[in-house]
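# Architecture and fold: a report
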Amino acid sequence: MLRWGILSTAKIAVEHVIPAILNADNAVITAIASRDKSKADAFAERFAIPNAFGSYEELLTSDLVDAVYIPLPTSHHVEWSIKAANAGKHVLCEKPISLKASQVEDIIQARDKNGVLISEAFMITYHPQWHKVRDLIQDGSIGSLSHIQATFTYFNKDDSNMRNIPELGGGALPDIGVYPIVATRFATGMEPVTLSSRVKYDKDFATDIYASCCADFGTFEMTMYVATQLAHRQEITFRGDKGWIQVSAPFNAGLYDADTVTLYNANHTHNEKFRFPGVNQYKLQIEAFSQAALSGDPSDIEKIFSLENSYKNQRIIDAIYLAGQTKLWEDI
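This write-up is about the structure you can find in this document. Worth saying up front: this structure is predicted, and the values here are computed from it rather than measured. (Residues numbered from 1 in each chain as written. Predicted model: local features only at pLDDT ≥ 70, side-chain atom pairs only at ≥ 80, totals over all residues. Heavy atoms only, no water.)

### Topic: the pattern of salt bridges
Working definition: two side chains of opposite charge can pair if their charged atoms are close together. In the structure shown here, the tally under the stated rule is 11 salt bridges. Residue K203 pairs with D204 through a salt bridge whose shortest N-O separation is 3.4 Å. Accessibility expressed as a relative area gives 76% for K203, which makes it exposed. We classify D204 as exposed; its relative accessible area is 60%. K283 is the partner of E287 in a salt bridge, and the nearest nitrogen-oxygen pair spans 3.0 Å. You can see E287 and its partner K283 sitting in helix 8 (residues 281-295), four residues apart, about one turn around the helix. Classification of E287 by relative accessible area gives buried; the value is 16%. (Salt bridge = Lys/Arg side-chain N within 4 Å of Asp/Glu carboxyl O. Buried < 20%, exposed > 50% of the residue type's maximum accessible area, 1.4 Å probe, protein only. Helix = DSSP H or I, 4+ residues; strand = E, 2+ residues; numbered from the N terminus.)

See below:
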């Protein structure tokens, strides 16, 4: 069993990742830390976690912990990922693991120096619906892929929410823009060459609240828009000359809709649905990470979302911001 420590009592940890660890076959939570000891104590009692610490540093020095999950505000991800690595802990860090591609290089150096496993928590890459999409594209089910269209939006104007605070790494692109890009890259195995974009900012928050992008992958295009002040929606389609694929709940699987991948033929006279009931993508992520950390086997480590993959993804986000400023096509 991989022994996990949780850095902070953040909402995503409470709602998704702590339950996932508790239900995983090869993981256990041995510690939780908060800068407010009373919060750590309360969560330790709630989830029957044996150890509570009043600082993150205390948890990192504990020999009761093998790996840490970091759900801190985005602006703290790089700092604490490196500190955890230097303490000899494996690291699963919430996305985005950084706000600049160059920062990912610093984390890679810490990983290699300390011989630990560090991964950005893109849970969607562990969901079987995305493996099905990848297989359908690879086996030619939709013929030659020409276009991918993706949408991810929600509405949040809470000025106390970290997503609306630039100093904490807020903004639509860091929070949700990363998902269509990861999904496209994972499903196709391709990387974009150049892109154009439009980015809009909230006049009060100063965070990006809307971004649209057209990315040229050489043999196909990907267009997307993401927003934090629009009605809730998420969807992604893959269109080829022989058919198309629709993913109904691509990112928050099980929340927006049933986990369903639908394959349509070219003239819409036939479709085939692939359903994935009862899948918890957070649990699958924890089990895959724990297995890789416990075994050290290259075949297990290859299944984890790598920092090299994170670097490539963040370069695209960086380019979207740049293209939004220059109004030009920017190379990746």
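### Some words on the nonpolar core
The biggest cluster of nonpolar side chains holds 80 residues, and the ones touching the most others in it are W4, W130, F238, I245 and I320. In terms of residue count, the dominant contributor to this core is helix 7 (residues 172-188) (10 residues). In contact with W130, other than residues within four places in its own chain, are I124, A183, F186, A187, I236, F238, V247 and P250. Among the nonpolar cores identified, the runner-up in size contains 25 residues, and F53, I70, W80 and V104 belong to it. (Core = buried A, V, L, I, M, F, W, Y, C linked by side-chain atoms within 4.5 Å. Contact = heavy atoms within 4.5 Å.)

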